[in-house]
Amino acid sequence: MRIAITGTPGVGKTTVSKVLAKRLNMEVIDITDVVKRYRLYIDYDEDMESYVIDFEKLNNFLKDKDNIILDGHVSHLLNPDYTIVLRCDPKIIEERLRKRGYKDKKVLENVQAEILDVCLCESKGKVYEIDTTNRDVEDIVNEIIEAIKEGKERKGIVDWLSKYYEYLEI
Ligand SMILES: Nc1ncnc2c1ncn2[C@@H]1O[C@H](COP(=O)(O)OP(=O)(O)OP(=O)(O)O)[C@@H](O)[C@H]1O
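Residues numbered from 1 in each chain as written. Predicted model: local features only at pLDDT ≥ 70, side-chain atom pairs only at ≥ 80, totals over all residues. Heavy atoms only, no water.

1. A few points about the site of the ligand
Near the ligand, the surroundings consist of 13 residues, among which K13, T14, T15, R100 and R135 are the closest. Measuring from an oxygen atom of the ligand, one finds a backbone N or O atom of V11 at 3.2 Å. Within the contact set of the ligand, an oxygen atom lies 3.1 Å away from a side-chain nitrogen or oxygen of R96. Considering the ligand on its own, with 630 Å² of exposed area, one finds that the protein chains cover 65% of that surface. Sort the elements by how many residues they give to the shell around the ligand and helix α1 (residues 13–24) lands first, with 3 residues. The class makeup of the residues in the shell around the ligand is 4 nonpolar, 5 polar and 4 charged. (Near = heavy atom within 4 Å. Polar contact = N/O pair within 3.5 Å; in protein donor to acceptor, adjacent residues only side chain to side chain. Areas by Shrake-Rupley, 256 points an atom, 1.4 Å probe, with all protein chains shown as cover. Helix = DSSP H or I, 4+ residues; strand = E, 2+ residues; numbered from the N terminus. Nonpolar A, V, L, I, M, F, W, Y, C, P; charged D, E, K, R; others polar.)

Following this line, the structure appears as structure tokens:
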């Protein structure tokens, strides 16, 4: 089984993936890490301070791997059996990314992606969306395990647009 834990940078994918992997006895693959480590990228985007992923190389790297959790904001594009889309209040994401020292442009771009449901809209197949705002990691993981066990699917549970429209005024 291949489970994708996706969502906007700063939403909590790595934190959730680690706990989930331990509970399900699965291997976590940190997409950003393997892309860097095995040079599975086309270029480095100086402006956005991120790698331009070579999806052909990345899919080839993953092709023989099973019983894995894919941790990354593009994991939903890597043919998962189940996609868990983590959501979080954009204000909290903004705080987390600023704490990391991200440039204003990169913070705004990611906050806008969260408001516009980008990862959710790109996710196909079995998708379960979960709002992690102000929730304990164990509680989030319990809900994910139950959803996967029962084959639950859910989309469209948050509406940041009406609450944070001002972030989109350029
Ligand atoms: N449920 C939670 N409650 C409180 N803090 C959390 C929770 N989940 C994650 N965090 C915190 O938010 C920050 C970002 O978490 P994490 O690195 O897991 O996000 P991410 O989605 O993997 O980010 P990226 O995609 O940039 O790697 C960390 O400081 C982490 O400790």
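2. A closer look at the sheet that holds strand β6 (residues 82–87)
The 5 strands are arranged β2-β5-β1-β6-β7 in an open sheet whose pairing can be described as parallel. Only two strands of the sheet have a single neighbouring strand rather than two, namely β2 (27–30) and β7 (127–131). On average, each strand axis in the sheet is inclined to that of its neighbour by 20°, with strand direction left out of account. (Pairing = 2+ DSSP bridges. Axes fitted to C-alpha atoms, helices over the stretch in contact; angles between N-to-C directions.)

3. Describing a nonpolar patch on the surface
Among the surface-exposed residues, L116, V118, L161 and Y165 lie close enough to one another that they form a single nonpolar patch of about 340 Å² accessible area. Residue position: L161 is located in helix α8 (residues 160–163). In this structure L161 comes out as partly exposed when scored by relative accessible area, which is 35%. (Patch = residues over 30% accessible without salt bridge, like charges linked within 9 Å, V, L, I, M, F, W, Y side chains within 5 Å. Salt bridge = Lys/Arg side-chain N within 4 Å of Asp/Glu carboxyl O. Buried < 20%, exposed > 50% of the residue type's maximum accessible area, 1.4 Å probe, protein only.)

4. Some words on the packing of α1 against helix α7 (residues 137–149)
Where α1 contacts α7, the axes come no closer than 10 Å and their chain directions differ by 55°. Relative to α7, the element α1 is oriented oblique. By crossing handedness, the relation of α1 to α7 is classed as right-handed. Of α7, the residues touching α1 (which contributes T15, V16, V19, L20, R23 and L24) are V137, E138, I140, V141, N142, I144 and I145. Looking at the contact of α1 with α7 residue by residue, the class counts come to 9 nonpolar, 2 polar and 2 charged. (Parallel < 35°, antiparallel > 145°, perpendicular 65-115°, else oblique. Left-handed = near helix turned anticlockwise from the far one by under 90°. Contact = heavy atoms within 4.5 Å.)

5. Some thoughts on the packing of helix α4 (residues 90–99) against helix α5 (residues 104–115)
Running from amino to carboxyl end, α4 crosses α5 at an angle of 155°, the nearest separation of the two axes being 9 Å. Considering the angle they form, α4 stands roughly antiparallel to α5. With respect to the hand of their crossing, α4 and α5 are arranged in right-handed fashion. Across from P90, I93, E94, L97 and R98 in α4, the residues of α5 making contact are D104, V107, N110, V111, E114 and I115. For the contact of α4 with α5, a count of residues per class yields 6 nonpolar, 1 polar and 4 charged.

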